[in-house]
Amino acid sequence: MSNEIEDCTREWTFASNSVDYIHMRWLVGSVPDWSALFDQAYRCCRPGGWFESLETSPVIECDDHTVKEDSAMGQWGKIFIEGAKKLGTSFTVVQDDVQKRAMEEAGFADIQEFDFKTPLGGWPKDESLRELGRYAQLTIESDIEGYVLFMANTLEWSKDEIQVYIAHLRREIRSGKHHGYWRQKAVWGRKPA
């Protein structure tokens, strides 16, 4: 087994019709042309092979009005959406149904989708969702600066603005009073034989 390191936004070096299964995830914000990316996946996928894309929305939503639009959690998605616009990419892949559309345009068949919510924090009553939420919280809190800094700098925030935002975000996540989640979407399809 060999490892290949490539820039997925450029022409892929894999041979046409050579791969049985292609999986990509969490490329949101880093792809300027999703149609071109999915065209490369189609070209490299072997007839009868499968391609799967898993992406997330940056918008932290809630079903019970506990995440207010002007809160740090409520602002999270806006930061990434606005920053991506300045960079010529998009963070609204899930909202805009980009995966399915690009997969259809590329020529994949038998396209299926799975939408799900990933809670942020241990607030869900369901034990499985609570565990998932705790992992999401751990992930964010383990490198909250890493998540925020690039986009905040892109939006020309001051160091103080960044630190204040991060402090508010941490407090909201840890409080358990804000029942936020991200929408994620898995889309997969088969290259016709």
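For the structure, check the block above.
In this report, the structure presented in the accompanying data block is examined. (Residues numbered from 1 in each chain as written. Predicted model: local features only at pLDDT ≥ 70, side-chain atom pairs only at ≥ 80, totals over all residues. Heavy atoms only, no water.)

**Concerning the packing of helix H2 (residues 72–87) against helix H5 (residues 144–154)**
Packing of H2 against H5 leaves a shortest axis separation of 9 Å and a crossing angle of 55°. With respect to each other, H2 and H5 are oriented oblique. At the point where H2 passes H5, the crossing takes the left-handed sense. From H2, Trp 76, Ile 79, Phe 80, Gly 83, Ala 84, Lys 86 and Leu 87 reach across to H5, where they touch Tyr 147, Val 148, Phe 150, Met 151 and Thr 154. The class makeup of the residues in the contact of H2 with H5 is nine nonpolar, two polar and one charged. (Axes fitted to C-alpha atoms, helices over the stretch in contact; angles between N-to-C directions. Helix = DSSP H or I, 4+ residues; strand = E, 2+ residues; numbered from the N terminus. Parallel < 35°, antiparallel > 145°, perpendicular 65-115°, else oblique. Left-handed = near helix turned anticlockwise from the far one by under 90°. Contact = heavy atoms within 4.5 Å. Nonpolar A, V, L, I, M, F, W, Y, C, P; charged D, E, K, R; others polar.)

**What about the pattern of salt bridges?**
According to the stated counting rule, one finds 16 salt bridges in the structure shown. The shortest N-O distance in the salt bridge between Asp 7 and Arg 10 comes to 3.6 Å. The class of Asp 7 is partly exposed, set by a relative accessible area of 38%. Taking the relative accessible area as the measure of exposure, Arg 10 reaches 61% and is therefore exposed. Between Glu 11 and Arg 43 there is a salt bridge, with its nearest N and O atoms 3.9 Å apart. Here the residue Glu 11 occupies a position in the segment before strand E1 (19–25), and Arg 43 occupies one in helix H1 (residues 34–44), the gap between them amounting to 32 residues. Residue Arg 43 is classed as partly exposed on the basis of its relative accessible area, which comes to 22%. (Salt bridge = Lys/Arg side-chain N within 4 Å of Asp/Glu carboxyl O. Buried < 20%, exposed > 50% of the residue type's maximum accessible area, 1.4 Å probe, protein only.)

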